[in-house]
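Chain by chain, the residues:
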Amino acid sequence: MATRAFAATAADKPLTPYSFDRRDPGPDDVLIDIKYCGVCHSDLHAARSESGRSTYPLVPGHEIAGLVKAVGSNVTRFKEGDRVGVGCMVDSCRECASCQEGVEQYCIPGFTGTYGGKDKKGGTSEAITQGGYSDHITVDQHFVLSIPDSLALDVAAPLLCAGITTYSPLKEWGVGPGSKVAVIGLGGLGHMAVKLAAAMGADVTVLSTSDRKKADAERMGAKHFLINSDKDAMKAAAEKFDLIINTVSATHEIASHIQLLARDGTMIMLGLTTEGLPVFALPLLWRRRRIAGSLIGGIRETQEMLDFCAEHGIACDIETIAPDQINDAYERMLKSDVRYRFVIDMEKLAA
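Each chain carries its own residue numbering, running from 1 in the written order of its sequence. Local features in a predicted model are, by the rule used here, given only for residues with pLDDT of at least 70; side-chain atom pairs are given and counted only at 80 or more, and totals for whole chains, interfaces and linings are based on all residues. Only hydrogens and water are set aside; all other atoms, that is, all heavy atoms of the structure, feed into the side-chain values.

Looking up the chain in an unreviewed UniProt entry gives the name NAD(P)-dependent alcohol dehydrogenase, with the organism given as Brevundimonas fontaquae. UniProt, in its Sequence similarities (unreviewed entry) section for the chain, records the words "Belongs to the zinc-containing alcohol dehydrogenase family." Heading Cofactor (unreviewed entry) of the UniProt record for the chain holds this comment: "Zn(2+)". UniProt positions are given in the numbering used here, feature names are shortened, and annotations may be inferred rather than shown by experiment.

Dropping the structure here:
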């Protein structure tokens, strides 16, 4: 099936228009007309092969929202015209303990990424999955999400990564009324962490390098704003937080932030940093603090997140762009010049 897209062809080249063939839907597949695709920082990492593992050509995009165009004969959950989404996964082994427990993101052999993964249904052993910077996609029904009617497709698209990446640790660490949560960085992930934690009833503080986003943080539900270079303010906030959601993807200092955790408090690392971040043992030992990681969420939890967002009127703050603006968007994203997620309008993909 002929597919139009924007793709990276090399780590040091801009994304350009690209055409390729999608597989036709099999018995368990859903064919989706993509209306919108969010732009995640990990798209940029992959397009520029910052891990050294990207295979080209590569069509990024794992925050996909659209309408069902066709379904396979075994598909019972979806029908033509349904509003659906696809996140970071399009397959997993379905057999390991993690998959059986509904946390497919921790699949032991490894889940199949929406782009850049080995496509089990691609017809050849060399087939690579291609993502949502394209006009349609074919996905196994198990990995397709229902987007509630009250969520517009454009603002729902980034929930499939930014939303679930922050929702999952908030749920796993039991955030609720009375919880004191700090969010480091008010970007694509951070602004969703603030909205979700506030909706769960937490007392939310944003930590940032300046106060330029203070008004936005308060609008999103933060009760407090802390500039992390203010030594007196940081000292006053010591041992205050039950949970710190760290969304920063660049190398940064975290040792002083550990002091903000209360006894048994946890810092959750969500940013894709590529260098080590030094910490000291004593502050961890002295208050039984923890540093942990969290990766997106399983399909069941992702649907729960979408339903939670619909119930509480939560959506991403977005800036909509045309596909041919993606290279400029990447450069702006590196400068944190977006509030707070770019979303590509795929209907503007040139013929």
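1. Observations regarding the packing of helix α4 (residues 162–172) against helix α10 (residues 299–312)
One way to put it is that α4 packs onto α10 with a least axis distance of 10 Å and a crossing angle of 100°. Our classification of the angle between α4 and α10 gives roughly perpendicular. Residues Gly-163, Ile-164, Tyr-167, Ser-168 and Lys-171 of α4 form the contact with α10, whose own contacting residues are Glu-301, Thr-302, Glu-304, Met-305 and Phe-308. For helices, the fitted axis covers only the stretch in contact; all axes are lines through C-alpha atoms, and the angles between them, taken along N-to-C directions, range from 0 to 180 degrees. Put simply, DSSP H or I for four residues or longer makes a helix, DSSP E for two residues or longer makes a strand, and each gets a number counted from the N terminus. Roughly parallel covers angles under 35 degrees, roughly antiparallel covers those over 145, roughly perpendicular covers 65 to 115, and oblique covers all other angles. Note on contacts: a residue pair qualifies if any of its non-hydrogen atoms lie within 4.5 Å across the two residues.

2. Topic: the side chain of Arg-289
Mapping Arg-289 onto the fold places it in the loop between α9 (281–287) and β15 (290–293). Exposed residues in this analysis have more than 50% of their type's maximum accessible area, buried residues have under 20%, and partly exposed residues fall in between, with area computed by a 1.4 Å probe over protein chains only. Residues counted as positive are Lys and Arg, residues counted as negative are Asp and Glu, and His and the chain ends are not counted. Here, a salt bridge means any side-chain nitrogen of Lys or Arg that lies within 4 Å of a carboxyl oxygen of Asp or Glu. The side chain of Arg-289 is buried and forms no salt bridge, while Glu-239, the nearest opposite charge, is found at 4.1 Å.

3. Notes on the packing of aromatic side chains
For Phe, Tyr and Trp, where Trp contributes only its six-membered ring, two rings pair if their centres lie within 6.5 Å, and the inter-plane angle classes them as stacked under 30 degrees, edge-to-face over 60, or tilted in between. A complete count under the given rule lists two aromatic pairs for this structure. With a centroid separation of 5.6 Å and an interplanar angle of 15°, the aromatic rings of Tyr-18 and Phe-20 are classed as stacked. With relative accessibility at 23%, the residue Tyr-18 sits in the partly exposed group. Pairing Tyr-167 with Phe-308 gives two aromatic rings, centres 5.7 Å apart and planes at 55°, and the pair type is tilted. Taken as a pair, Tyr-167 in helix α4 and Phe-308 in helix α10 lie far apart in primary sequence, 141 residues in all. Assessed through its relative accessible area of 15%, Phe-308 is described here as buried.

4. Digging into the sheet that holds strand β14 (residues 261–269)
Hydrogen bonds between backbone groups are what pair the strands of a sheet, and the pairing can be parallel or antiparallel. Here, a strand pair is defined by DSSP locating no fewer than two bridges between the strands. One open sheet accounts for six strands, arranged β12-β11-β10-β13-β14-β15; its pairing is parallel. The two strands at the open ends of the sheet, each matched to only one other strand, are β12 (224–227) and β15. Across the sheet, the mean angle from the axis of one strand to that of its neighbour is 20°, orientation sign disregarded. In this sheet, β12 lies alongside strand β11 (residues 203–208) in parallel orientation, the contact comprising four bridges. Looking at the pairing, Val-206 lines up with Phe-225 of β12.

5. Observations regarding the layout of surface pockets
Taken as a whole, the second largest pocket encloses approximately 370 Å³ of empty space. Method remark: on a 1 Å grid restricted to protein atoms, a set of points is classed as a cavity if a 1.4 Å probe fits but cannot get out and as a pocket if it is open with protein on both sides within 12 Å along at least five of seven lines; lining residues have an atom within 4 Å of a point. As for the second largest pocket, its lining consists of 23 residues, of which Arg-22, Arg-23, Asp-119, Ile-128 and Thr-129 are closest to the centre. Residue assignment for the lining of the second largest pocket shows that the elements contributing at least two residues are β2 (16–21), β6 (89–91) and β8 (136–140). Ranked by the residues each element gives to the lining of the second largest pocket, the list is headed by β8, at four residues. Basically, the charged four are Asp, Glu, Lys and Arg, the nonpolar ten are Ala, Val, Leu, Ile, Met, Phe, Trp, Tyr, Cys and Pro, and anything else, Gly included, counts as polar. Partitioning the lining of the second largest pocket into residue classes produces seven nonpolar, seven polar and nine charged. Grid points are joined across faces, edges and corners, and a volume is the space filled by probe spheres set on the points.

6. Examining the state of the cysteines
Disulfide assignment relies on a single distance test, namely cysteine sulfur atoms paired within 2.5 Å. Summed over the entire model, instances satisfying the criterion amount to zero disulfides. In this structure Cys-37 is a free cysteine whose sulfur lies 9.8 Å from that of Cys-40, the closest cysteine sulfur available. Between Cys-96, a cysteine without a disulfide, and Cys-93, which holds the nearest cysteine sulfur, the sulfur-to-sulfur distance is 3.6 Å. A residue is classified by how much of its surface remains accessible, and Cys-96, at 12% relative accessible area, is buried.

7. Re the pairing of strand β4 (residues 64–71)
Alignment of strand β3 (residues 29–38) against β4, held across seven bridges, turns out to be antiparallel. Counterpart to Ile-32 in the pairing with β4 is Val-68. Where β4 meets strand β5 (residues 83–86), four bridges bridge the pair, whose relative direction is antiparallel. Across the sheet, Gly-66 pairs through a bridge with Val-84, a residue of β5.

8. Brief notes about a nonpolar patch on the surface
Grouping into patches uses exposed residues only, defined as over 30% relative accessible area, and leaves out salt-bridged ones; the cut-off is 9 Å for like charges and 5 Å for nonpolar side chains (Val, Leu, Ile, Met, Phe, Trp, Tyr). Each accessible area is a Shrake-Rupley result for a 1.4 Å probe, and residues are judged covered by the shown protein chains and nothing else. Together, Leu-282, Leu-285 and Trp-286 make up a nonpolar patch on the protein surface, roughly 420 Å² of accessible area in all. Relative to the helices and strands, Leu-282 resides in helix α9.

9. Observations regarding the pattern of salt bridges
Considering all chains together, one arrives at 21 salt bridges under this definition. The partner of Lys-121 in a salt bridge is Asp-140, and the shortest N-O contact between them spans 2.8 Å. Here the residue Lys-121 occupies a position in the loop between β7 (112–113) and β8, and Asp-140 occupies one in strand β8, the gap between them amounting to 19 residues. Note on Asp-140: relative accessible area 7%, which makes it buried. We note a salt bridge from Arg-287 to Glu-239, for which the minimum N-O separation is 3.0 Å. Here Glu-239 lies in the loop between α7 (231–236) and β13 (241–246) and Arg-287 lies in helix α9, a separation of 48 residues in the sequence. Classification of Arg-287 as partly exposed rests on a relative accessible area of 24%. Taking the relative accessible area as the measure of exposure, Glu-239 reaches 39% and is therefore partly exposed.

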